[in-house]
Amino acid sequence: MENINHILEQFKFKGTLTDCEIFGSGHINTTYLASYECEDMNRQYIVQKVNTNVFKDIDSLMENVFAVTSYLRNVIKENGGNPSRETLHFIKTADGKKYFKDDDGSCYRAYRFVDRSISHDSVESAEVFKKSGEAFGRFQKYLSDFPAQTLTETIPNFHNTIWRYENEFLPALEKNLSGRADTCQAEIDFVKARKDDCSRLVNLINDGSLPLRVTHNDTKLNNVMFDIDTDDAICVIDLDTVMPGLALYDFGDSIRFGANTCAEDEKDTSKVAIDLDYFKAYAEGFLSQAGKSFNQCEIDNLAFSAKLMTFECGMRFLTDYINGDTYFKTAYPEHNLVRARCQFALVSDMESKMDEMESIIKNIKY
């Protein structure tokens, strides 16, 4: 373990350090849980070494995080909530900076651990999935008046699907650096047949029909903290990819992740389907909180967004496969192709069930 004590000293946490250990299952940042003994109560803090290979503009990232969490604390307080548990509380360094930069260039930031909370790594029930929908919906509701345009787009064109099609997929296909294109012609044809889908949401942004909002962009279940006693969803975490975008992106990616009947790299695509009970549960939770904040165009495109985010993810897997696996970590040579096929099978199932999905959305009361 690196000299973590030197890092902890930069934040001047209250109390006496009793323990510090590697924490969580994240694959990007290195996370520690530090425990302190105080006179009034014991406290725990999360300290993270930020992966600056992934997040190159750490200043903009931390500006986004502090702006959003500060705003959330005020809104939560105004709504009678508990800001210390319902949003992350980031801590500045002893000299008032938003993060600490060590002599070797490593960057660290810290926030209070959400007391008496746990996370879930997998969707075990529709009820848990619904609660995560409530959490991300509440995140949207509380930030509905936040000026999203003031945030920095830390990953440009992250969910600009037509940009990914034209600037990543097609060039990869033309160069065919891996020589694999002839092994995935059916998947290439699948993507090309859906080119028009790629620009649908972008066009609605450009004509003013869809408003830019603060988006989380990593709406996995384990980015929600649940109360250890009641198992209610209390706090959304992992705000590194918070930036301007569409609420539809967050909704759609949640469905892609949580309502799939299989893992994202299931080889037997006959097993892949969208679970409409899970889709309904998440949509009910999400709209129960955020529905009144959305315009009709957003509501009308929720079901489509699930298909689009799944398609985009599959296209990215296929692009990486054709490029020779330069972006996503793989366990075997065909891993990215298997992932792409799984996502495309889910897209196909969503297309066959789109009328049902849209009907479910229309019949939700909020």
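A brief structural summary. (Residues numbered from 1 in each chain as written. Predicted model: local features only at pLDDT ≥ 70, side-chain atom pairs only at ≥ 80, totals over all residues. Heavy atoms only, no water.)

1. Section: the packing of aromatic side chains
One pair of aromatic rings is described through two measures. These are the centre distance and the angle between the planes.
Moving on, step 1. All chains considered together, the criterion is met by 20 aromatic pairs.
Moving on, step 2. Ring plane angle 65° and centroid distance 5.4 Å describe the contact between phenylalanine 13 and tyrosine 36, whose orientation is recorded as edge-to-face. Here the residue phenylalanine 13 occupies a position in the loop between α1 (4-8) and β1 (16-22), and tyrosine 36 occupies one in strand β2 (residues 30-37), the gap between them amounting to 23 residues.
Moving on, step 3. Taking the relative accessible area as the measure of exposure, phenylalanine 13 reaches 10% and is therefore buried.
Moving on, step 4. Tyrosine 36 sits in the buried class, given a relative accessible area of 7%.
Moving on, step 5. Chaining the aromatic ring pairs together yields one cluster made of Phe129, Phe251, Tyr278, Phe279, Tyr282, Phe286 and Phe294.
Moving on, step 6. Stacked on the ring of phenylalanine 66, the Lys or Arg lysine 98 has its end atom at 5.6 Å from the ring centre.
Moving on, step 7. Geometry around phenylalanine 190 places arginine 194 over its ring, the cationic atom sitting 3.6 Å from the centre. (Phe/Tyr/Trp six-rings, centres within 6.5 Å; stacked < 30°, edge-to-face > 60°. Helix = DSSP H or I, 4+ residues; strand = E, 2+ residues; numbered from the N terminus. Buried < 20%, exposed > 50% of the residue type's maximum accessible area, 1.4 Å probe, protein only. Lys NZ or Arg CZ within 6 Å of the ring centre and 35° of its normal.)

2. Describing the sheet that holds strand β7 (residues 117-118)
Moving on, step 1. Taken in spatial order, the three strands of this open sheet run β7-β9-β10, and their pairing is antiparallel. Both edges of this open sheet fall to β7 and β10 (233-236), since each of them pairs with a single strand only.
Moving on, step 2. Alignment of strand β9 (residues 224-227) against β10, held across three bridges, turns out to be antiparallel. Each bridged residue has a counterpart across the sheet, and for valine 224 the counterpart in β10 is valine 236.
Moving on, step 3. The strands that helix α4 (residues 126-142) touches are β9 and β10; relative to β10, the one it contacts most, it runs at about 50°. (Pairing = 2+ DSSP bridges. Contact = heavy atoms within 4.5 Å. Axes fitted to C-alpha atoms, helices over the stretch in contact; angles between N-to-C directions.)

3. Digging into the environment of alanine 331
Moving on, step 1. Position of alanine 331 relative to the elements: it lies in the loop between α12 (302-323) and α13 (335-352).
Moving on, step 2. Residues alanine 331 and asparagine 295, 36 residues apart in the sequence, show an inter-C-alpha distance of 43 Å.

4. Considering the pattern of salt bridges
Moving on, step 1. If you walk through the whole model with that rule in mind, you get 17 salt bridges.
Moving on, step 2. The closest approach of N and O atoms between glutamate 63 and lysine 98, which form a salt bridge, is 3.4 Å. With glutamate 63 in helix α2 (residues 58-78) and lysine 98 in the loop between β4 (90-91) and β5 (100-101), this pair connects stretches of sequence that are 35 residues apart.
Moving on, step 3. Taking the relative accessible area as the measure of exposure, glutamate 63 reaches 46% and is therefore partly exposed.
Moving on, step 4. A residue is classified by how much of its surface remains accessible, and lysine 98, at 23% relative accessible area, is partly exposed.
Moving on, step 5. Connected through salt bridges with shared partners, the residues Arg194, Asp197, Lys307 and Glu351 form a single ionic network. (Salt bridge = Lys/Arg side-chain N within 4 Å of Asp/Glu carboxyl O.)

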